[in-house]
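So the chains spell out like this:
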Amino acid sequence: MFGDYDSFSGNDSLLAQVDNMEQECIQSIDLTSCTKNMEDKATVEPAFGYLQLQNAKSKELIFSAAGNITGFRTEEENHLRITSEQENRTLEPGDCFLDDLPSSQLLCFEEMNKTSVDSRKSSGTKESANDMNSCLDKMLNQSSCHHNAEHTKINNELSLSTSSNLSKRKSLKDHLKNTMTGNAKAQTPQVSRTKQLKEAVLSEEICVAKKTIETSSVDIGPFYGLPSKVKDLLVQFRGIEKLYEWQHTCLTLESLQQRKNLIYSLPTSGGKTLVAEILILQELLCRQKDVLMVLPYVAIVQEKVWALSSFGIELGFLVEEYAGSKGRFPPIKRRMKKSLYIATIEKGHSLVNSLIETGRIGDLGLVVVDELHMLGEGSRGATLEMILAKILYTSKTTQIIGMSATLNNVGDLQQFLQAEYYTNNFRPVELKEYVKIQDSIYEVDNKAENGLTFSRLLNFKYSSNLQKMDPDHLIALVTEVIPNYSCLVFCPTKKNCENVAEMICKYLNKVFVCLFAPNRSREYRNHRENEKQDLIKDLKNIGKGSLCPVLKRTIPFGIAYHHSGLTSDERKRIEEAYSAGVLCLLTCTSTLAAGVNLPARRVILRAPYVATEFLKKNQYKQMIGRAGRAGIDSAGESILIVQEKDKHLVRDLVNSPLENCYSNLFLEFTKGIQSLLLSLVGLKIARNPEEIYHFMCGTLFGVQQQFLSKEKSLSAITREALGCLIEKGLLKGKMTSEKEQKSQSNLEITQLGQATYKGSIDLAYCDALYRDLKKGLEGLVLESCLHLLYLTTPYDMTYHCRPDWMIYFRQFSQLNSVEQKVAAIVGVPESFITKKASGQAIKKDVDNCVINRLYLSFVLYALLKETNIWNVSEKFNMSRGYVQNLLNSAASFSSCMLHFCEELEEFWVYKALLTELTKRLTYCVKAELIPLMEVAGVLESRAKQLYDSGYKTLAHLANADPETLVKMIEHLSRHQARQIVSSAKMLLREKAEALQEEVEELLKVPTDTPEGLLTTLP
């Protein structure tokens, strides 16, 4: 019965191998841990699952699996995984090892395989230990299906305390012995005991091996399942030694342990991002899945890539930037390392589309959305809703985490995201809200009858002239905190920011200081005077010799303005100076509140307006949330300056709840619902009106439809949008009545529709873009890049363009014959520009969109020739921030056009042209600086410094010593130097990984090659 042995226990070969494997595994793990301790690396304490056997009077056999299955990222694990995969490949029905098994057992074995695969796909929210027990259940039930009634009953239960049962732990050898004992006692006339033993052993090996591979990285250390090295890195890179209590509570929520979706909300500066980053590291390191992090703005994406690259280098994952024109679609499929994709909303949508199209959406284990309230903000909110709805519909294993400081109708968002909710009012620094009316200051008090309680009178002597120039007492408010503490003054407009900064400096110098506090005159100027001079010098270098006259006058007093009129280099340098304390006051617009984190001791709102619109509660909360610096201030203050006419509105503002978040899919028709439906058909997510309607029911718009559109049903809105897509030639199919809907055939996407959704082109412009590209084929002028620049000028920017006709005429008259030919081809006659410049009446009707587009293409043309934003902005009388925004928008649109043309064979000629043009628009610098500017956080001025110091390639930068960088590069801190080197290393590794993946793909033996022609590579 047992071959050459008296019993199965006599088979020393089998059981000895099992015992040796177990001992080698334990020794290998112990050796690894010892080595890591000696190297002062992260200490990982393995907690092995154990199997306990008890023989009670009732003859029950109980297997109890407890503890955490610990995954070790070692060479031994990789070897084990490869070996297991090789073994799995040999276990096919046609192989000789299974030939002896009866057909019924083969079917049983195949069913087990199928069940194991299915469980792997659907076990996103189950604990790994439970998965293993479930697998053991199936194996034991199958092996005992022919046992008689008196056979031992088998139960599986999860032990909750590993430490209390360590003494009872049995080895894998004992477990196999007992399992095979049960199999040997089975009385089955149809199957021999030898074959039954083979089946039991094989079944258990397959189940255990598969489940071990799947759950091998569930808990790999003591810091929330992460190695203690992560905790050390937080101290090293962030100075975070201990988490707040709410952070610990949130990270240990049962819903997170069960991998449920989660929305959490806390006030600004409460530490929300750290929780998200720990969850991201758990997904990358423990569960070995890719992660997508969606952020609202390009600058924040770049900042986050910069910050997390250091962690990626130390912990072995890749950080990839998807913003502007950067990003690869679909992303490279990594075999060894996992990727963290950090993306803007638009790029995140394209990324998700590409993963769905290639069947890889399941590789995405976690999606983190910052500023979740942006779901309710225009076309960008509609795009964010599309991302989340598609992930919810196509991947049941991808977890979604959303966070925000300003959420109100959380119930709708929970229903949409199928998520749990956690909130807390914690702030590391207490925030005190005040409202100033005339010279009285009131504290915001929800318990008071009108919401305000009198606090104090302003104690500041104003001359009559000063009172006229500063009726809102801004000088009095800011001088209570500066220069020793920081202050932010939010202004309604960009021009107001500059005026307020100049006004404060003027009267600090001439009136206030000289008349009332002469001893403080030197205090404001002498406060970190040398560093202020360095800042002025840096800004002048950034402007290539030019410096804003307003900044030149305000910086000596430690004051600057901050708004979109500055270039990104200027904003970044001013932010660095403010964070370092060199600048003590910034006058800024509301965009700073939603951007980088620049806290202050006091935040002043110059007026309750953003441009001409009255302030919303969400905006108000974001602005005042900047008050209070953790670890520096004991409290933060916000003061809202109010005129008598706005008093009643402000009372409503401070006492009202946050605004609700509503879907914009319907309001943003071409960028919303039409764009969504087109991509659903293109990606084959839904192919007919019935399936599309089912998808729409799961969107935020589907949740809120009855409130948002009372006149039309969701089905009617969906069918109307599909009809528009068919009319535009983006979809093919016939729309019948709702009664005939079920019998309707599937919809198909046209080539133009495919190009439109893959290029992320606004449906309002896809026809115009196609016509322009088609017309360009008839006579594309390549002797200069002006014609291509015209084609890549974004359509949506033309509506806000107001040409200066004299500048337009001057630029037009300077065109050479080739460039004039371009103007004629696109349809802008010189006579029209001449008449507009001279103020003559125009009888001929000319398309304003074309006129404005050519004007903007002149700006881009000048930029590529000069690469100096200052000179170009002066030449066209535009703010340098607007010019840079135009450049960035053109680079992004050029990238979209490239993907558009790739889907239309007739436009093949544009592919190579647009690839090079996109690169030039993205960087707009001399060619030698481009490799350095690819590094996250390195802008033109810094790239030039690095290049002049001898760091001319990415490899130079990746292998640089941060301490040497600090010595060689002016005004570069150690923290910045470390970040630059880490970002360079990350980018270099990413490129090397991509090349390695390409090599492996090329050397991979095709699986569909006939055996007779199969050749083995050396």
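Before reading further, recall that the structure is shown in the block above.
Summarised in this report is the structure supplied together with it. (Residues numbered from 1 in each chain as written. Predicted model: local features only at pLDDT ≥ 70, side-chain atom pairs only at ≥ 80, totals over all residues. Heavy atoms only, no water.)

A word on the overall build of the protein. Helix and strand content of the protein: 43 helices and 22 strands. In the protein, which comprises 1018 residues, the proportion classed as buried is 51%. Across the protein, contacts joining residues at least 24 apart in sequence account for 71% of those joining residues at least 6 apart. When the accessible surface of the protein is summed, it comes to about 47400 Å², and 50% of that surface belongs to carbon and sulfur atoms. (Helix = DSSP H or I, 4+ residues; strand = E, 2+ residues; numbered from the N terminus. Buried < 20%, exposed > 50% of the residue type's maximum accessible area, 1.4 Å probe, protein only. Contact = heavy atoms within 4.5 Å. Areas by Shrake-Rupley, 256 points an atom, 1.4 Å probe, with all protein chains shown as cover.)

Given a rise of 1.5 Å per residue, 14 residues ought to cover 20 Å, and the 21 Å separating the end C-alpha atoms of helix α30 (residues 766-779) matches this to within 8%. Listed in full, the buried residues belonging to α30 are Cys766, Ala768, Leu769, Leu773 and Gly776. One side of α30 carries all its buried residues, which in axial view fall inside an arc of 160°. The exposed residues of α30 that point more than 90 degrees off its buried face are Arg771 and Glu778. The elements touched by buried residues of α30 are α29 (751-758), α31 (786-792), α37 (880-902) and α38 (908-923). (Expected span 1.5 Å × (residues − 1). Arc of directions from axis to C-beta.)

Let us look at the pattern of salt bridges. Counted under the stated rule, the structure contains 36 salt bridges. When the shortest N-O distance is used, the salt bridge between Glu283 and Arg287 registers 3.5 Å. Given the relative accessible area of 1%, Glu283 is considered buried. Here Arg287 falls in the partly exposed class, since its relative accessible area comes to 32%. (Salt bridge = Lys/Arg side-chain N within 4 Å of Asp/Glu carboxyl O.)

Another point: the pairing of strand β7 (residues 339-343). The buried fraction of β7 amounts to 5 of the 5 residues, a majority that puts the element mostly inside the structure. Residues Ser339, Tyr341 and Ala343 line one face of β7 and the alternating positions Leu340 and Ile342 line the opposite face, and both faces are buried. Alignment of strand β5 (residues 290-294) against β7, held across 4 bridges, turns out to be parallel. Each bridged residue has a counterpart across the sheet, and for Leu292 the counterpart in β7 is Tyr341. Note: strand β6 (residues 318-322) against β7, 5 bridges, orientation parallel. Within β7, the position partnered with Glu321 by the bridge is Ile342. (Pairing = 2+ DSSP bridges.)

The next point concerns the environment of Gly359. Along the chain, Gly359 falls in the loop between α12 (345-357) and β8 (364-370). The exposure class of Gly359 is exposed, given its relative accessible area of 63%. Taking the C-alpha atoms as reference points, Gly359 and Thr394, separated by 35 residues in sequence, lie 9.6 Å from one another.

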